[in-house]
Amino acid sequence: MLNNKTGWLLLILFTLAGSWLSGLSHAFLALVMILFALKFFIISYQYMGLRFAHPFWRYSINIVVLGFVSVIIFSSL
Amino acid sequence: MSSEQHVLSREKNDILHPPGGILIWILIFLEVITFMIALSVFAYMRSRNAAMFAESQAMLNPLLGTVNTIVLLSSGYFMAEAVRKLRAGLLKLSVRYTLVTILLGLVFIAIKSFEYSQKIEHGIGLEYNTFFTFYWLLTGFHLIHVSVGIVILVFIYFSLRKGRYDARDHEDVETGAAFWHMCDLIWMLLFPMLYLIN
């Protein structure tokens, strides 16, 4: 399980990786969006305590985020 | 299992009591879904006029966007730690971490204001083109959320200093923290869509 500090390090790493990848090529859109989803999950599950919430809240946020990522990736194809 | 985990694990079976309270989570869902719908419309508009959107995006400063993302993520870390320390009964550390969170929030506003001033200097306003209409509206609404979040955190900071919250009674702090993290979540949506992807 993550702790807050490891979560923060991963968030910074994913942010820098996303900025770097997007500068390399537009072909990395899917990867940038996956990094976005991972950051979203780290913040909600680790910082906001969603991992301790009822499955209803966890599944709801998972569906919303994955739905949005899918829409953006498929709309760019 | 630590006492913190024991308390939190009780919330697992209670749909009406997510961490921070049900009302803040309803608000978070509504806010996140609203921004996602706006960004989906933004993506659709971009697909219809890709060249103009790419040109406009090139006028943004991705370095400032990246720095602001790191600032906001760091403030989120300190807020999460402030709540954790409070749960563990370490009130002084919680007060200190809340103050750092507020200061980083102010740094975010300062950087965003600098970015806005550059745009205004170059005559890039709300009606410049479709891209910048989305840019000003989406980042502007987010900035309002950050400003409201700072007001909430200042209230929490002074309440913590007065000893109004402790390891057992701190739901208001959790709610305020959830609002602050919501600002993080919304920025996580805006940053790649506006600054990175084209």
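Keep in mind that this is a model prediction, so the values were computed, not measured. All residue numbers refer to position in the chain's written sequence, counted from 1. Here chains are named by letter from A upward and ligands by number from 1 upward, in the order in which they appear as written. Where local features are concerned, this predicted model is filtered to residues with pLDDT of at least 70; where side-chain atom pairs are given and counted, the filter is 80 or more; whole-chain, interface and lining totals use all residues. Only hydrogens and water are set aside when side-chain values are computed; all heavy atoms of the structure are taken into account.

Engineer: What exactly am I supposed to notice about the environment of glycine 49 of chain A here?
Structural biologist: Here a strand is any run of E in DSSP of at least two residues, a helix any run of H or I of at least four, and the numbering for each starts at the N terminus. With respect to the helices and strands, glycine 49 of chain A occurs in the loop between α2 (29–47) and α3 (55–75). Sequence spacing of glycine 49 of chain A and valine 69 of chain A is 20 residues, and the spatial spacing of their C-alpha atoms is 22 Å. Glycine 49 of chain A has contacts with Ser44 of chain A together with Pro19 of chain B, leaving out every residue within four places of it along the chain. Any two residues having at least one pair of non-hydrogen atoms within 4.5 Å are treated as being in contact.

Engineer: Looking at this structure, how should I read the interface of chain B and chain A?
Structural biologist: Think of interface size as the accessible area that goes away when the parts come together; that is how it is often given. With 43 residues of chain B at the contact, the number on the chain A side is 38 residues. Note on definitions: buried area is the accessible-area loss of two parts on being combined, 1.4 Å probe, summed for both. Buried area between chain B and chain A, both sides added, is near 3,600 Å², and the carbon and sulfur share of it is 80%. The term salt bridge refers to a pairing of a side-chain nitrogen on Lys or Arg with a carboxyl oxygen on Asp or Glu at a separation within 4 Å. The interface formed by chain B and chain A includes 0 salt bridges. By the criterion applied in these results, polar contacts are pairs of N or O atoms within 3.5 Å in which, for protein atoms, one can donate a hydrogen and the other can accept it, and in which residues neighboring in sequence qualify only through two side-chain atoms. For the pair chain B and chain A, the number of links is 4 residue pairs in polar contact (both at pLDDT 80 or more).

Engineer: What should I look at first to understand the packing of aromatic side chains in this one?
Structural biologist: The description of two aromatic rings rests on the distance between their centres and on the angle between their planes. All names here are of chain B. Stacked, edge-to-face and tilted labels apply to pairs of Phe, Tyr and Trp rings (six-membered ring for Trp) whose centres lie within 6.5 Å, assigned for plane angles under 30 degrees, over 60, and everything in between, in that order. A complete count under the given rule lists 24 aromatic pairs over all chains for this structure. Ring centres 5.1 Å apart and planes at 80° place the aromatic pair phenylalanine 131 and phenylalanine 132 in the edge-to-face group. The buried label goes to any residue with under 20% of its type's maximum accessible area, the exposed label to any with over 50%, and the partly exposed label to all in between, with areas taken from a 1.4 Å probe on protein chains only. When its relative accessible area of 1% is taken as the criterion, phenylalanine 131 is described as buried. Among the aromatic side chains, those forming a connected cluster through ring pairs are Phe42, Phe53, Tyr116, Tyr128, Phe131, Phe132, Phe134, Tyr135 and Trp136.

Engineer: Before we go on, may I ask you to explain a nonpolar patch on the surface in this structure?
Structural biologist: All names here are of chain B. Where nonpolar side chains cluster on the molecular surface, the patch consists of Ile33, Ile37, Val41, Tyr44 and Met45 and spans about 430 Å² of accessible area. Secondary-structure assignment places isoleucine 33 in helix α2 (residues 22–48). Owing to a relative accessible area of 34%, isoleucine 33 belongs among the partly exposed residues under this scheme. Each patch is assembled from residues with relative accessible area greater than 30% and no salt bridge, linking like charges that lie within 9 Å and nonpolar side chains (Val, Leu, Ile, Met, Phe, Trp, Tyr) that lie within 5 Å. Note on areas: Shrake-Rupley with a 1.4 Å probe; residue coverage comes only from the protein chains shown.

Engineer: Explain the UniProt feature "transmembrane region" (unreviewed entry) in chain B to me, please; I cannot follow it from the model alone.
Structural biologist: Residue and element names in this part refer to chain B. Under the feature "transmembrane region" (unreviewed entry), the UniProt entry names residues 21–43, 63–83, 95–114, 134–158 and 178–197. End-to-end, the C-alpha atoms of residues 63–83 are 31 Å apart, and along that stretch the chain is 100% helix and 0% strand. The distance separating the terminal C-alpha atoms of residues 134–158 is 36 Å; by composition the span is 100% helix and 0% strand. UniProt positions are given in the numbering used here, feature names are shortened, and annotations may be inferred rather than shown by experiment.

Engineer: What's the story with a negative patch on the surface in this structure? I'm lost.
Structural biologist: Residue and element names in this part refer to chain B. Counted charges follow a simple rule, with Lys and Arg positive, Asp and Glu negative, and His plus the chain ends left uncounted. Positions of charges follow a simple convention, taking NZ of Lys, CZ of Arg, CG of Asp or CD of Glu. A surface patch of like charges, here negative, comprises Asp166, Asp169, Glu171 and Asp172. Of note, glutamate 171 is situated in helix α7 (residues 171–196). On the basis of relative accessible area, glutamate 171 is assigned to the partly exposed category, the value being 43%.

Engineer: Quick question: what am I supposed to make of the nonpolar core here?
Structural biologist: Buried together is how nonpolar side chains tend to be arranged in soluble globular proteins. Counting residues in each nonpolar core, the largest one holds 90 residues, and the members touching the most others are Met33 and Phe36 of chain A. The element best represented in this core is α7 of chain B, accounting for 18 residues. Filtering out sequence-adjacent residues up to four positions away, methionine 33 of chain A remains in contact with Phe68, Val69, Ile72 and Ile73 of chain A together with Met193 and Ile197 of chain B. As used in this record, nonpolar core signifies buried Ala, Val, Leu, Ile, Met, Phe, Trp, Tyr and Cys residues forming a set joined through side-chain atoms within 4.5 Å.

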